[in-house]
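# Descriptive analysis of the structure
Chain residues, written in single-letter form:
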Protein chains: 2
Amino acid sequence: MSTGIDLAVSTVIFALRPDADGRLVLSIPLVRRTRAPQEGHWALPGGSADARESLAETAARKLAETTGLSAAYLEQLYCFGDPERSPSGRVVSVVYWALVRGEEAELVTDENVAWFAADELPRLAFDHNLIVDYALWRLRTKLEYAAIAHAFLGPTFTLAELRQVHEIVLQRELDPANFRRQIEASRAVVPTGEHVTGGRHRPPRLYRYDASVELVDNGPLTSAGVR
Amino acid sequence: MSTGIDLAVSTVIFALRPDADGRLVLSIPLVRRTRAPQEGHWALPGGSADARESLAETAARKLAETTGLSAAYLEQLYCFGDPERSPSGRVVSVVYWALVRGEEAELVTDENVAWFAADELPRLAFDHNLIVDYALWRLRTKLEYAAIAHAFLGPTFTLAELRQVHEIVLQRELDPANFRRQIEASRAVVPTGEHVTGGRHRPPRLYRYDASVELVDNGPLTSAGVR
C-alpha cells in the first residue's frame, strides 16, 4: 500500500515579536536545513510522522524540539501532496499552524533557528512559501470570526493589547470604541475584576478569555483535546 | 522515514436524491467492504494514495472508479491520523468531500455500492461516522457563506430549485423573498435570460453560477485547478 510515499508533519508557528525599533511584528520561526535536499535553505519546523503518535502530537513534539516553544493554539492547516513538491521523492506533508505567546517566543537559542517577519520571508525550501501564504490567509480570516487572538497574549490582557494583536495581524487600524463593542458582544473575553497595576490615574481593566465560549472550529475532534 | 504508516485517500460524496416518496434527501454513497478488516461494514469510497498522483487526483479517480460519478465540487476536508483508528495497523487518511449532481447520482449500479440518507447512516467501518459528521458540518457551514449549492444542480436552475437545495441541506424552511434578496446581493448567480419552458403563465427565470465570482475557499491552490 502507498509505497514510495513519505509522510511528514510540519508547522507554521506565529508569534508577535518586537523588531529592531521595538515595534511588534507578526513573526515565524524557521529552521535552516543542514542536509540535502535544499541544504542551507530555511524551512518550516517539522519531520517524519511517527507511527505511535497522532498527527497533532507529532506536530506539538516537533514544535517543542525545534524551537523550545509550546503552542497556545494548534490547528491542522492542510495536507500538501503535490507529486513535484520535493526533488528527492514523494513527500506528503500534513501541515499545522500554531500561535505562541510573545514572552515564550524569546526562548529560541539554536543558531539554526531564526525568527522572520511573516511578510518578509526569503525563498524557502520546497513549497514552504506557498504554505506560509495559506497559513497567513487562514490566520487573518479566522481572527475575524473566532476568538483566537488571546493565544498571542498571556492569561490576562487589556482590551488595548487585544486590539493591538488584531491591528498587527490584520495590518490595519481599528477604531477603539467599535472594537470594544464587538469584543463585548462576542462574549469571548470577560473582565477579571482586576486592573493593570501601577501609578496611573485610570488603570485599564484586565480581561481573560472565556473558555466556556467555543468560537473556534479546530477540526472534528475539538472537544477531545489534542488530536 | 514514516515507516509503518499507510496513507489512504477517501471521499465523502453528497448528492440530493429522491427517497421512496419522491422527496429529495441529502444522500451519501457507501461501499461495502469485501475483505478484512471490518468486512461487511459500509465505508467511504477510497483507497491507498498513489505516488504518481496528487491527493485530489487520487480522490477524483477513486470516486469515479467506485461510484461511476464525477464531482461538481471537490475539497479537502481533513487529514485523520489517530493511531487507533484502524485495527490492522496505522492508516492516515486524507479525506475529501465532494458534491455531485442529482442526475449523475443515478449512475451507480454496483451491488456493493449503495446510497444512504446522510442523517440515517448505519454504524460504518473505522472512524467513518465521525468523518461524515464533520463533512456534514463543513457542508452546512460552507453553504451559508460560499456559492457551492449550484454544484448539486445542472448548469442552469431556477431560484426555487436553488432555495430547495439550501432548505434540504440546512434542514429548515427559508423565506423565498429573503432568499432571493440574499442570492442577488451575493452576485454568485446571474440570470441566463432564459425561462423554464412549458405552458405556465409566468415561467420562472433560469439562472447560472457566475464563475467570475470566487466565493469558495477551496484550499491553497484553487486557481491552479485540481490539486
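If you're wondering where the values come from, they're calculated on a predicted model, not measured in any experiment. (Residues numbered from 1 in each chain as written. Chains lettered and ligands numbered in written order. Predicted model: local features only at pLDDT ≥ 70, side-chain atom pairs only at ≥ 80, totals over all residues. Heavy atoms only, no water.)

Residue and element names in this part refer to chain A. By the element assignment, Ser93 lies in strand β6 (residues 90–99). A polar atom in the side chain of Ser93 sits 3.1 Å from the side chain of Arg85. Beyond its immediate stretch of four places on either side in the chain, Ser93 contacts Ala8, Tyr78, Cys79, Phe80 and Arg85. (Helix = DSSP H or I, 4+ residues; strand = E, 2+ residues; numbered from the N terminus. Polar contact = N/O pair within 3.5 Å; in protein donor to acceptor, adjacent residues only side chain to side chain. Contact = heavy atoms within 4.5 Å.)

All names here are of chain A. Packing of helix α3 (residues 159–170) against helix α4 (residues 176–186) brings their axes to within 11 Å, and their N-to-C directions diverge by 100°. In terms of their interaxial angle, α3 and α4 are classed as roughly perpendicular. Two secondary-structure elements touch here, α3 through Leu159, Leu162, Arg163 and His166 and α4 through Pro176, Phe179, Arg180 and Ile183. Broken down by class, the residue content of the contact of α3 with α4 amounts to five nonpolar, one polar and two charged. (Axes fitted to C-alpha atoms, helices over the stretch in contact; angles between N-to-C directions. Parallel < 35°, antiparallel > 145°, perpendicular 65-115°, else oblique. Nonpolar A, V, L, I, M, F, W, Y, C, P; charged D, E, K, R; others polar.)

A word on α3 of chain A. Residues and elements named next belong to chain A. Here α3 is 12 residues long and its end C-alpha atoms lie 16 Å apart, about the 16 Å a rise of 1.5 Å per residue gives. Looking at α3, one finds that the buried residues are Leu159, Leu162, Arg163, Val165, His166, Ile168, Val169 and Leu170. Structurally, α3 contributes buried residues whose contacts are with β1 (5–18), β2 (24–32), α2 (128–145), α4, β8 (189–195) and β9 (205–209). Count one or two residues on from α3 and you reach Gln171, which has phi positive near 60°. (Expected span 1.5 Å × (residues − 1). Buried < 20%, exposed > 50% of the residue type's maximum accessible area, 1.4 Å probe, protein only.)

Let's shift gears to unusual backbone geometry. Residues Ala36 of chain A and Pro37 of chain A are joined by a peptide bond in cis, for which omega reads 0°. Here Pro37 of chain A lies in the loop between β2 and β3 (42–43). A positive phi is found at Arg187 of chain A, a non-glycine position, where the angle reads about 55°. Of note, the phi angle at Gln38 of chain B is positive, near 60°, even though the residue is not glycine. Examined against the element boundaries, Gln38 of chain B turns out to sit in the loop between β2 (24–32) and β3 (42–43).

Residues and elements named next belong to chain A. As far as domains go, chain A holds domain 1 (5–144) and domain 2 (147–209). Taking only C-alpha atoms, the centre of domain 1 and the centre of domain 2 are 27 Å apart. Facing the 20 residues of domain 1 at the interface are 16 residues of domain 2. For the pair domain 1 and domain 2, the summed buried surface comes to about 1,500 Å²; carbon and sulfur atoms form 69% of the total. By the criterion of area lost to domain 2, the three top residues of domain 1 are Leu16, Arg101 and Leu143, representing 40% of everything that side buries. Here domain 1 and domain 2 share one salt bridge between them. Notably, a salt bridge pairs Glu144 with Arg172, separated by 3.1 Å at the nearest N-O pair. Viewed at the interface, domain 2 and domain 1 are joined by five residue pairs in polar contact (both at pLDDT 80 or more). Mapped onto the side of domain 1 that touches domain 2, the elements with two or more residues apiece are β1, β2, β6 and α2. A total of five residues in the side of domain 1 that touches domain 2 trace back to one element, the largest contributor, which is α2. Residue composition of the side of domain 1 that touches domain 2, grouped by class: 13 nonpolar, one polar and six charged. (Domains from an automatic or database assignment. Buried area = accessible area lost by both parts, 1.4 Å probe. Salt bridge = Lys/Arg side-chain N within 4 Å of Asp/Glu carboxyl O.)

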